[in-house]
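This is what each chain is made of:
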Amino acid sequence: MVRSIIIEAPAKVNLTLDVKGKRADGYHELETLMHQINLVDRVYIEEAKSLIVQSNSTLIPEDEGNLAYRAAWAIMDKYGNQEGVRIFIEKNIPVGAGLAGGSTDAAAVLIGINRLFDLGVNPVDLMNLGAVLGSDVPFCMQGRTAMATGRGEILTPLPAGPSLNMVLVKPAFQLSTAQVYADLNCEQLTRRPDNRAFVQAWLHGDYQGIAVNMINVLESVSVVRHPEIGEIKEGLKKMGALQSIMSGSGPSVIGVFEDGQKAQEAVQKMKERYQEVYLVSSYMGE
Ligand code: C5P
């Protein structure tokens, strides 16, 4: 019988994102609150004669241009003795959106192959392998909510916070993370998140405190280049969001609502103009 496994791969949003500076290795030193949401890809893995990656989406590559492909190659090369795996990615997370869609699929592949073939790779080694593939992969493997530092791979988990109703809008264009960081001028940043205050508010379930500390310094690049991101932020606030922020390097925008009814109304209004609009909340699965 062909062995197979299905792993859920949730998207992440950044509820705060601060850049402390540029490092000698070219990466940026971050302090960012990462949070998984219930917008999920499903990754199907089964044993096969060679490495095959397929998807229901035409927007992602099926070769080594796909991080999930590189993840499968990396773990089989280092720890496995199987000939290959067939991977099918059911893509529900918008692509090139600032939601770690590629990283979460790669994380699912590492976890899935380790489990499927009983490779016994310990969690630390598996996370280290993930960090080589991409800065967001370790968080996607650990999941839930965490403060991330370093280039995003050093994680301090946080307990479950208040259940947030979020409206997520992805405009019709994609952004390159590398380009957004390349265009960032750290010296000119004036408005930065207070991550300590955010964590206190998170621990106390204080919606107002969470809202005022939701700041993403990468908006200084992306909103200037693409004013539409600013328009979505303002639109969500007018529709009742306590706060609205771009996720990661963008262009997705989330609005946090205390009032679930208002969030649903905002989804309907945003759908008149945008194709990719979702009502989401914290990820509670697996
Ligand atoms: O780690 P990952 O491959 O996802 O990062 C993509 C690109 O984003 C990097 O090549 C780098 O240009 C930029 N980046 C950065 N600082 C980080 C994370 C990413 O400059 N902390």
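Below, the structure is looked at part by part.

The rules behind the values
- Residues numbered from 1 in each chain as written.
- Predicted model: local features only at pLDDT ≥ 70, side-chain atom pairs only at ≥ 80, totals over all residues.
- Heavy atoms only, no water.
- Near = heavy atom within 4 Å.
- Polar contact = N/O pair within 3.5 Å; in protein donor to acceptor, adjacent residues only side chain to side chain.
- Helix = DSSP H or I, 4+ residues; strand = E, 2+ residues; numbered from the N terminus.
- Core = buried A, V, L, I, M, F, W, Y, C linked by side-chain atoms within 4.5 Å.
- Buried < 20%, exposed > 50% of the residue type's maximum accessible area, 1.4 Å probe, protein only.
- Contact = heavy atoms within 4.5 Å.
- Pairing = 2+ DSSP bridges.
- Axes fitted to C-alpha atoms, helices over the stretch in contact; angles between N-to-C directions.
- Expected span 1.5 Å × (residues − 1).
- Left-handed = near helix turned anticlockwise from the far one by under 90°.
- Nonpolar A, V, L, I, M, F, W, Y, C, P; charged D, E, K, R; others polar.
- Salt bridge = Lys/Arg side-chain N within 4 Å of Asp/Glu carboxyl O.
- Arc of directions from axis to C-beta.

Contacts to the ligand come from Gly-26, Tyr-27, His-28, Leu-30, Gly-134, Ser-135, Arg-151, Thr-177, Ala-178 and Tyr-181. The side chain of His-28 places a nitrogen or oxygen atom 2.8 Å from an oxygen atom of the ligand. Here a nitrogen atom of the ligand and a backbone polar atom of Arg-151 are 3.0 Å apart. Taken together, the elements giving at least two residues each to the shell around the ligand come down to strand S2 (28-48) and helix H5 (177-183).

Turning our eyes to something else, we now look at the nonpolar core. Of all hydrophobic cores here, the largest spans 36 residues; its most connected members are Val-85, Ile-87, Leu-110 and Ile-113. Elements that contribute at least two residues to this core include exactly strand S1 (4-22), S2, helix H1 (67-79), strand S4 (84-90), helix H2 (101-116), helix H3 (123-133) and helix H4 (137-142). If one sorts the elements of this core by residue count, H1 sits on top with 8 residues. Not counting the four nearest positions on each side in its chain, Val-85 is found in contact with Ile-45, Glu-46, Glu-47, Ala-48, Ser-50, Leu-51, Ile-52, Ala-72, Met-76, Ile-113 and Phe-117.

Attention shifts here to the sheet that holds strand S9 (residues 253-257). Taken together, 4 strands build an open sheet; the order of strands is S8-S9-S7-S10 and the sheet is antiparallel. Single-partner strands in this sheet number two, and they are strand S8 (243-246) and strand S10 (276-280). Ignoring strand direction, the axes of neighbouring strands in this sheet form an average angle of 20 degrees. Of the strand pairs in this sheet, strand S7 (residues 165-170) and S10 are connected by 5 bridges, and their pairing is antiparallel. Within S10, the position partnered with Lys-170 by the bridge is Glu-276. Where helix H9 (residues 227-238) meets the sheet, its contacts fall on S7, S8 and S9, and the angle it forms with S9 comes to roughly 10 degrees. Of the strands in this sheet, S7, S9 and S10 touch helix H10 (residues 260-271), which is tilted by about 170 degrees from S10.

This part is about H9. Between the first and last C-alpha of H9 there are 17 Å, a value that for 12 residues agrees with the 16 Å anticipated at 1.5 Å per step. For H9, the full list of buried residues reads Ile-229, Gly-230, Ile-232, Lys-233, Gly-235 and Leu-236. Here the buried face of H9 lies against S7, helix H8 (219-225), S8, S9 and H10. A positive backbone phi angle near 110 degrees is found at Gly-240, which sits one or two residues after H9.

This part is about the packing of H2 against H3. Two elements in contact, H2 and H3, have axes separated by 10 Å at closest approach and are oriented at 145 degrees. Crossing angle aside, the handedness with which H2 passes H3 is right-handed. Contacts between H2 and H3 involve Leu-110, Ile-111 and Asn-114 on the former and, on the latter, Leu-126, Leu-129, Gly-130 and Leu-133. For the contact of H2 with H3, the class distribution of residues is 5 nonpolar, 2 polar and no charged.

For the rest of this paragraph, the subject is the pattern of salt bridges. Summed over all chains, the structure comprises 17 salt bridges. Between Asp-25 and Arg-23 there is a salt bridge, with the nearest N and O atoms lying 2.7 Å from each other. Across the pair Glu-29 and Arg-23 runs a salt bridge, and its minimum N-O distance is 3.1 Å. Taking the relative accessible area as the measure of exposure, Arg-23 reaches 23% and is therefore partly exposed.

With that settled, consider helix H6 (residues 195-203). Residues of H6 that are buried include every one of Asn-195, Phe-198, Val-199, Ala-201 and Trp-202, and no others. The arc that holds the buried residues of H6, viewed along the axis, is 160 degrees, so those residues lie on one side.

With that settled, consider the pairing of S1. Burial runs high along S1: 14 of the 19 residues are buried. Bridging between S1 and S2 involves 16 bridges; their strand directions are antiparallel. Bridge pairing in S2 places Val-13 opposite His-35. Linking two consecutive strands that pair antiparallel, namely S1 and S2, is a turn of 5 residues; a positive phi of about 95 degrees is found at Gly-26 within it.

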